[in-house]
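Descriptive structure summary
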2 protein chains.
Amino acid sequence: MADQSSRLLNVRAVMDQLQTSGPLSRAELARRCRLSKQTVSEVVAQLEAAGWLRATGESVIGGAGRSAALYEVDPASGLVVGVDLGGTKIRAALGDFGGAVLREQTVATDPRGGHVVIDQIAELARGLAQAEGLDVGRVACLALGSPGALDRRTGVMAFAPNIPSFGDLDVAAELGARLGGVTTVVENDVNVSALGEQWAGHGRGLQDFVVIAVGTGIGMGIVVGGELRTGATGAAGEIGYMPIGADPFDPANRAKGPLEMATGGEALARRYVALQGTAAAGPVAGDRHLVPAVFDGAARGDWPAIAALHDEARVLALAISAVAAVLDPELVVLGGGIGAREELLRPVRSVLAQLMARPVEVRASALGDRAGLLGAVAVALRTAQEQLFAAPAPIGITVPAPDLDRLSAGRLPV
Amino acid sequence: MADQSSRLLNVRAVMDQLQTSGPLSRAELARRCRLSKQTVSEVVAQLEAAGWLRATGESVIGGAGRSAALYEVDPASGLVVGVDLGGTKIRAALGDFGGAVLREQTVATDPRGGHVVIDQIAELARGLAQAEGLDVGRVACLALGSPGALDRRTGVMAFAPNIPSFGDLDVAAELGARLGGVTTVVENDVNVSALGEQWAGHGRGLQDFVVIAVGTGIGMGIVVGGELRTGATGAAGEIGYMPIGADPFDPANRAKGPLEMATGGEALARRYVALQGTAAAGPVAGDRHLVPAVFDGAARGDWPAIAALHDEARVLALAISAVAAVLDPELVVLGGGIGAREELLRPVRSVLAQLMARPVEVRASALGDRAGLLGAVAVALRTAQEQLFAAPAPIGITVPAPDLDRLSAGRLPV
DNA sequence: ATTAGTTTGTCAACTTTACGAACGAACCCG
DNA sequence: CGGGTTCGTTCGTAAAGTTGACAAACTAAT
């Protein structure tokens, strides 16, 4: 058309193919994008001139015909930063537009929280770029995964456990300002983990899967139709509140939710202590540090440890079967300090086999504790793309509005 | 562009506006679609020539300036048929492209099932068109909502309870063939109900909501991101299998699922009988006919009936809280012979208030037993549209594939 | 070595589509 | 009846994509 939307679509198509399917020739691009070779040549020329693409040698395969000039996305065309913010440490990674992670760094989270942490993150980003000899100004987007509930209208973390005075702070805005106006996005950490698994883990190529993170608490990231789903208020996947594993009517279970009370680190530790039968046992808050001891004990064949893990697996399996009944995912990925342990996986699967006729596939996170970090990189990459190659306003098929006057007019008796 | 995709987009945009926002002038369309007046004129002329649009008089509003010629979608440009197939009756409706329901008819489901039922449906469609003096050949699409599990790859109902020899039948193909090749789509009845609520009920304008149908069994239709979600294998929303309300480890609860065993019509009746304490009580299969008696009893202030309904509401509320924890919907619509009753709504809400800090909104179906029928009409309309104004292959933003070789290459110690 | 077949990428001519500007038409109001 | 405003059309221009032909480059078989 006369405006740019048509060219834009084709540019996006070409970039899309090159990003997902590695180096391609123009002829191949034409076939895949269903464009003429001509148009592809134009598009490629434009993109190469703008620095997005680079020639990457000839196709050396000995097929018939002239060998093709291959093009690929120029990794140097842009940088992104992904950050995984936790209560004890901050992990950051520098990535490029080619999908490579160039460098990572981890620092301890400053206990003062608030603006100090924001400064830490900005410094991390700057330091990573510097260490690679790159200008931090080339960073197109920074994505931050953080625990807490995100208010999607304002972009503000409504409450952020473990990080002092971080709630009600417009982290995205402040962080962006500190880095010279870099586009900054913030997302819940579990959701980011799910996007990490989608990008580089077990979720690759899947349309529908969930990531359940079990650690101090329990949470779930949901991918349906290939996209992250956060629900009407951003609380989708807050499965700690499922009425499973503990009495949902007990007010004591209301703040954190029954399932979290039954599966979180503290619950596992408490269960372990109770099973040990040590007199001093009973529910002691702050037993969380015992979680490693449970796994150690189970490795030694310690009866109470194994029993505690089995009970944990049992409740987890119940929750998974409930999630599967609702969402019917292709895959459930277990992550987090507790959930990702192989020791837990086996009993979870065996309990699931008792619960479901065709048990949903369950796997331990492929990325372990790097899921959040890599997910943040993926989010940053996607956001950068969306910004640079903005899609024209999508026009969906809308069903004609029902003619309310004539909806019941024709109703006839049998 | 030189190909048609640009014009196609604009045609879709214009149709979309006209369908959702009633009659509009060309100038107004140009503003809304962000197209030039000329382009809109061309598009409108094309669509009018093709019979999709019709002029619908002048704008009579006494504003300044020349009065505009208004256009609207010509309702006569196409017909659709929606069918709600149940175990006891078949409901069918004839709709037009303007979103009006022209005529409805209901017949008893032939107990012989199978091909006989398919013939019945075809006859219904033909009869409805005939009664309106319209050619059945003008029907662009027929949509059928049916109980049972749909195999989405083949389009075959894998198993269809209540309708003999209906499983493993390619209903869509057979029905289409009987109607001279009409496009035919089949979908699970609960999912269709959800689309009905989205089109003409409480789901209008909502992006995320669910419809829970409680009757003989229990099922849920899920709309996320404005679209129906059916999961990886089409089993999303089969919440009868949630481990709530009955022992999920009891093999007796495995075939139908714990929640269905606890909330289905039979369970309600059984609970009622047990509470009555009549000696002959005990779990008697086929108690389902007692369901109306329960509601009657509750209306009279009958203690066992009220208690049975309260228990039903309690389990339902637990299930709803679990669904809300997973999906965080804007709204939960209760439908079905049991679920849609107002008597149940109040206790469900009050139990939910005990379970959730911010209880999800729960409403009774706006369409009652017509949800499935109207949903089928909506599905038929959408399918017809998609077919007639096929969208160009959507090109999403894909994040560059992770450079797996260099994903961990840059990992550095702290 | 030569030839046939295949594939890549470019050139040129043509078509479709959209836009902007200008203009006449129609309508309201004072 | 004239001024102001909005509607819809005409005309010329620009953008974008397609088709078809063709040269270049490469492989494989004769």
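Computed from a predicted structure; not experimentally measured.

Things to note about the overall build of chain A
- Helix and strand content of chain A: 13 helices and 15 strands.
- Residues counted as buried form 50% of the 414 residues belonging to chain A.

Some thoughts on the sheet that holds strand β14 (residues 331–335) of chain B
All names here are of chain B.
- Strands sit in the order β13-β12-β11-β14-β15 across an open sheet of five strands; the sheet is mixed. The sheet is open, and its two borders are formed by β13 (227–229) and β15 (361–364), each paired with just one other strand. Between one strand axis and the next, the sheet turns through 25° on average, direction left out of account.
- Relative to β14, strand β11 (residues 209–214) runs parallel, the two being bridged by five bridges.

Details of the domain arrangement of chain A
- Splitting chain A by domain gives domain 1 (5–73), domain 2 (78–194 + 372–388) and domain 3 (202–365).
- One C-alpha centre belongs to domain 1 of chain A, the other to domain 3 of chain A, and the line joining them spans 46 Å.

What to know about the packing of helix α10 (residues 303–327) of chain A against helix α12 (residues 342–355) of chain A
Residue and element names in this part refer to chain A.
- Taken N-terminus to C-terminus, the directions of α10 and α12 make an angle of 50°; their axes are 8 Å apart at the nearest point. Judged by the inter-axis angle, α10 sits oblique to α12. Pair α10 / α12 crosses with right-handed handedness. Contacts from Leu 309, His 310, Glu 312, Ala 313, Arg 314, Leu 316, Ala 317, Ile 320 and Ser 321 in α10 reach Glu 343, Leu 344, Pro 347, Val 348, Val 351, Leu 352 and Leu 355 in α12.
- Among the residues forming the contact of α10 with α12, the class breakdown is 11 nonpolar, two polar and three charged.

Things to note about the relation of the copies chain B and chain A
- Least-squares fitting of chain B to chain A yields an RMSD of 0.2 Å, with the transformation described by 0.1 Å of translation along the axis and a rotation of 180°. As the rotation angle and translation indicate, the two copies are arranged about a two-fold axis.
- In this assembly, 100% of the residues forming the interface of chain B have copies in chain A that are likewise at the interface, indicating an isologous arrangement.

Reading the values: rules and limits
- Residues numbered from 1 in each chain as written.
- Chains lettered and ligands numbered in written order.
- Predicted model: local features only at pLDDT ≥ 70, side-chain atom pairs only at ≥ 80, totals over all residues.
- Helix = DSSP H or I, 4+ residues; strand = E, 2+ residues; numbered from the N terminus.
- Buried ≥ 20, exposed ≤ 12 C-beta atoms within 10 Å, placed from the backbone.
- Pairing = 2+ DSSP bridges.
- Axes fitted to C-alpha atoms, helices over the stretch in contact; angles between N-to-C directions.
- Domains from an automatic or database assignment.
- Parallel < 35°, antiparallel > 145°, perpendicular 65-115°, else oblique.
- Left-handed = near helix turned anticlockwise from the far one by under 90°.
- Contact = placed C-beta atoms within 7 Å.
- Nonpolar A, V, L, I, M, F, W, Y, C, P; charged D, E, K, R; others polar.
- Least-squares fit on C-alpha atoms with pLDDT ≥ 70 in both.

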